[in-house]
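# Observations on the model geometry
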Amino acid sequence: LEFRRVLSRSYQGWYNRGAARCRLQHFGLAAADLTRALELRPDHWRSLEQRALTHVGRGHFEAGIADLDLAIELKPGRSTLWRERGDLRAALGDYRGCIDDVSKAIQLNPLDARSLASRGAAYAELADLPGAQADFTKVLDLQPTNAQVAFLRGCTWLDQGRLHRAQADFTRALENE
């Protein structure tokens, strides 16, 4: 009984249950738990990051960005926070904002293939095909069997009329799916 009383006053119990509920896609319940964790420990950046995911799960991208803004203030050297915020900006059509955020993530972790792929996709949305191809090529150097990125790079070659390169990337994608 004493353990339960102590745990209910600890941010960690609320955070852990909220994180579990988020993974179970019980986003409303998860958000309530994570909000309680933040009431107990306002500087817990992981609770902010998890709560951002609950907002995304409910389609509230702006609220997710707001939580990631706070998490980045607390932990500016955490590359995943920058990438996650960039991905939310892209989901809202803010591709320049995505590129800015994901570029910061890449500066912090140059070998993060997910960040490189996100930035490449944002460049492609802005019709900066050379920028997209450069990032997609870096991803494929790190992950040669990444079928999704091979497909995306193939699309950029196709848009440029570089059919042999497009065919090679589409073949690579098909062979690795």
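Counting from 1, residues in each chain are numbered in the order their sequence is written. Side-chain atom pairs in this predicted model are given and counted only at pLDDT of 80 or more, local residue features only at pLDDT of at least 70, and totals for whole chains, interfaces and linings cover all residues. Side-chain metrics rest on all non-hydrogen atoms present in the structure, leaving aside hydrogens and water.

## So, the packing of helix 4 (residues 45-57) against helix 6 (residues 79-91)
Inclusion rule: Lines fitted to the C-alpha atoms define the axes, with helices restricted to the stretch that makes contact. Angles between their N-to-C directions range from 0 to 180 degrees. Under the scheme used here, helices are H or I runs from DSSP no shorter than 4 residues and strands are E runs no shorter than 2 residues, and both carry numbers assigned from the N terminus. Orientation is classified from the angle alone, with under 35 degrees giving roughly parallel, over 145 giving roughly antiparallel, 65 to 115 giving roughly perpendicular, and any other angle giving oblique. Should the near helix be turned counterclockwise from the far one by less than a right angle, the crossing is left-handed, whereas a clockwise turn marks it as right-handed. In what follows, residue pairs with any heavy atoms lying within 4.5 Å of each other are defined as contacts. When residues are grouped by polarity, Ala, Val, Leu, Ile, Met, Phe, Trp, Tyr, Cys and Pro land in nonpolar, Asp, Glu, Lys and Arg in charged, and all others, Gly among them, in polar.
Their axes nearest at 12 Å, the elements helix 4 and helix 6 cross at an angle of 20°. In terms of orientation, helix 4 and helix 6 fall into the roughly parallel class. Crossing hand, helix 4 versus helix 6: left-handed. Here helix 4 contributes Trp-45, Glu-49 and Val-56 to the contact with helix 6, which in turn contributes Thr-80, Leu-81, Glu-84 and Leu-88. For the contact of helix 4 with helix 6, the residue count by class is four nonpolar, one polar and two charged.

## Quick word on the layout of surface pockets
For clarity, the cut-off: Points on a 1 Å grid over protein atoms alone make up a cavity when a 1.4 Å probe fits among them but cannot get out, and a pocket when they form an open set with protein on both sides within 12 Å along at least five of seven lines; lining residues each have an atom within 4 Å of a point. Grid points are joined across faces, edges and corners, and a volume is the space filled by probe spheres set on the points.
Estimates place the volume of the largest pocket at around 160 Å³. Lining of the largest pocket is provided by Ala-113, Arg-114, Ala-117, Ser-118, Ala-121, Val-139, Gln-143, Asn-146, Gln-148, Val-149 and Leu-152. Of all the elements in the fold, those that place two or more residues in the lining of the largest pocket are helix 8 (113-125) and helix 10 (147-159). With five residues, the single largest contributor to the lining of the largest pocket is helix 8. Broken down by class, the residue content of the lining of the largest pocket amounts to six nonpolar, four polar and one charged.

## Here we look at the nonpolar core
The cut-off we apply is this: For the purposes of this section, nonpolar cores are sets of buried Ala, Val, Leu, Ile, Met, Phe, Trp, Tyr and Cys residues that join through side-chain atoms within 4.5 Å. Relative accessible area decides the class of each residue, using a 1.4 Å probe on protein chains only: under 20% of the type maximum gives buried, over 50% gives exposed, and in between gives partly exposed.
With 18 residues, the main nonpolar core has Cys-98, Val-139 and Val-149 as its most contacted residues. Elements with a contribution of two residues or more to this core: helix 7 (95-108), helix 8, helix 9 (129-142) and helix 10. Apart from the residues within four sequence positions on either side, Val-149 is in contact with Ala-117, Phe-136, Val-139 and Leu-140. One finds Leu-68, Ile-72, Trp-82 and Ala-105 within the second-largest nonpolar core, a separate group that totals twelve residues.

## Some remarks on helix 9
Defined as follows: In this scheme, a helix's expected span is set at 1.5 Å multiplied by one less than its residue total. Whenever a nitrogen or oxygen atom comes within 3.5 Å of another N or O atom, the pair is scored as a polar contact, on the condition that within protein one atom can donate a hydrogen and the other can accept it, and that pairs from neighbouring residues in sequence are kept only if both atoms are in side chains.
In this model, helix 9 (14 residues) spans 20 Å end to end at C-alpha, consistent with the 20 Å of a helix rising 1.5 Å per residue. All of the buried residues in helix 9 are Leu-129, Gly-131, Ala-132, Gln-133, Asp-135, Phe-136, Val-139 and Leu-140. The inward-facing, buried residues of helix 9 abut helix 8, helix 10 and helix 11 (163-176). For helix 9, the N-terminal capping position is held by Asp-128, with its side-chain oxygen 2.9 Å away from the main-chain nitrogen of Gly-131.

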